[in-house]
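Results of the structural survey
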Amino acid sequence: MLIIFGGLPATGKTTIAQTLAKQIKATYLRADTIEQTLALTGKIPKDMEDMGYRIGYSLATENLKLGNVVIADSVNPFNITREAWRNAAQSATSKYLEIEIICSDKTIHQQRAETRITDIANFTLPTWQKISDRYYEPWITKQLTIDTTTTSVQQAVALIQQHI
């Protein structure tokens, strides 16, 4: 199974995705980690478009074919990226679960964005202004929405496990 996360930065998706990955022993793929690793080589253009996502799709498909549960952690802002994750699962004849993580309270969301610390070496987190201005298409195919304003990490993980 491919568990596809999406949501704006600082909503809590990485914390939930990593906690779930530890609990169910899933393969964890994070677009930020892939893209930062590519950027640190110095051989990749600063604006790498969808390169990190494309690598993620390939790694997901390969791990799904091996029978692994895979968690894909990315902002996943466009319908085209969401479709590509679904296609990765389908090409491995695997099921998928699409989960959007939101933080409906803008004050809490802003506080999280302004106080969080990166866990990726040399990675610059987006500012609240960049998060607020980011284009993010409405997600029409998701099976689950979790609002971290009212749902704890443990509750979110339990809810996701019910849907797996």
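A brief look at the structure comes next. (Residues numbered from 1 in each chain as written. Predicted model: local features only at pLDDT ≥ 70, side-chain atom pairs only at ≥ 80, totals over all residues. Heavy atoms only, no water.)

Interhelical geometry of helix α3 (residues 51–65) versus helix α4 (residues 79–91) gives an angle of 25 degrees and a closest axis separation of 8 Å. The angle between α3 and α4 falls in the class roughly parallel. Judged by the sense of rotation from one axis to the other, the crossing of α3 with α4 is right-handed. In this structure, α3 uses Tyr53, Gly56, Tyr57, Ala60, Thr61, Leu64 and Lys65 to contact α4, whose residues at the interface are Thr81, Ala84, Trp85, Ala88, Ala89 and Ser91. (Axes fitted to C-alpha atoms, helices over the stretch in contact; angles between N-to-C directions. Helix = DSSP H or I, 4+ residues; strand = E, 2+ residues; numbered from the N terminus. Parallel < 35°, antiparallel > 145°, perpendicular 65-115°, else oblique. Left-handed = near helix turned anticlockwise from the far one by under 90°. Contact = heavy atoms within 4.5 Å.)

We now examine the pairing of strand β1 (residues 2–6). With five of five residues buried, β1 lies mostly within the body of the structure. Alternating residues of β1 divide into Leu2, Ile4 and Gly6 and Ile3 and Phe5, and every residue in both groups is buried. The pairing of β1 with strand β3 (residues 70–73) spans three bridges and is parallel. Of the residues in β3, the one forming a bridge with Ile3 is Ile71. Across five bridges, β1 lies against strand β4 (residues 96–102) in parallel orientation. (Buried < 20%, exposed > 50% of the residue type's maximum accessible area, 1.4 Å probe, protein only. Pairing = 2+ DSSP bridges.)

With that settled, consider empty space enclosed by the protein. Counted by the stated rule, this structure contains one cavity of 30 Å³ or more. Taken as a whole, the largest cavity encloses approximately 30 Å³ of empty space. Surrounding the largest cavity, Leu29, Arg30, Ala31, Ile34, Gly52, Gly56, Ala72, Asp73, Ser74 and Trp85 form its lining. The set of elements that each furnish at least two residues to the lining of the largest cavity consists of β2 (27–30), α2 (31–40), α3 and β3. Of the residues assigned to the lining of the largest cavity, the class counts are five nonpolar, three polar and two charged. (1 Å grid on protein atoms, 1.4 Å probe; cavity = no way out; pocket = protein on both sides within 12 Å on 5 of 7 lines; lining within 4 Å. Points joined across faces, edges and corners; volume = space filled by probe spheres on them. Nonpolar A, V, L, I, M, F, W, Y, C, P; charged D, E, K, R; others polar.)

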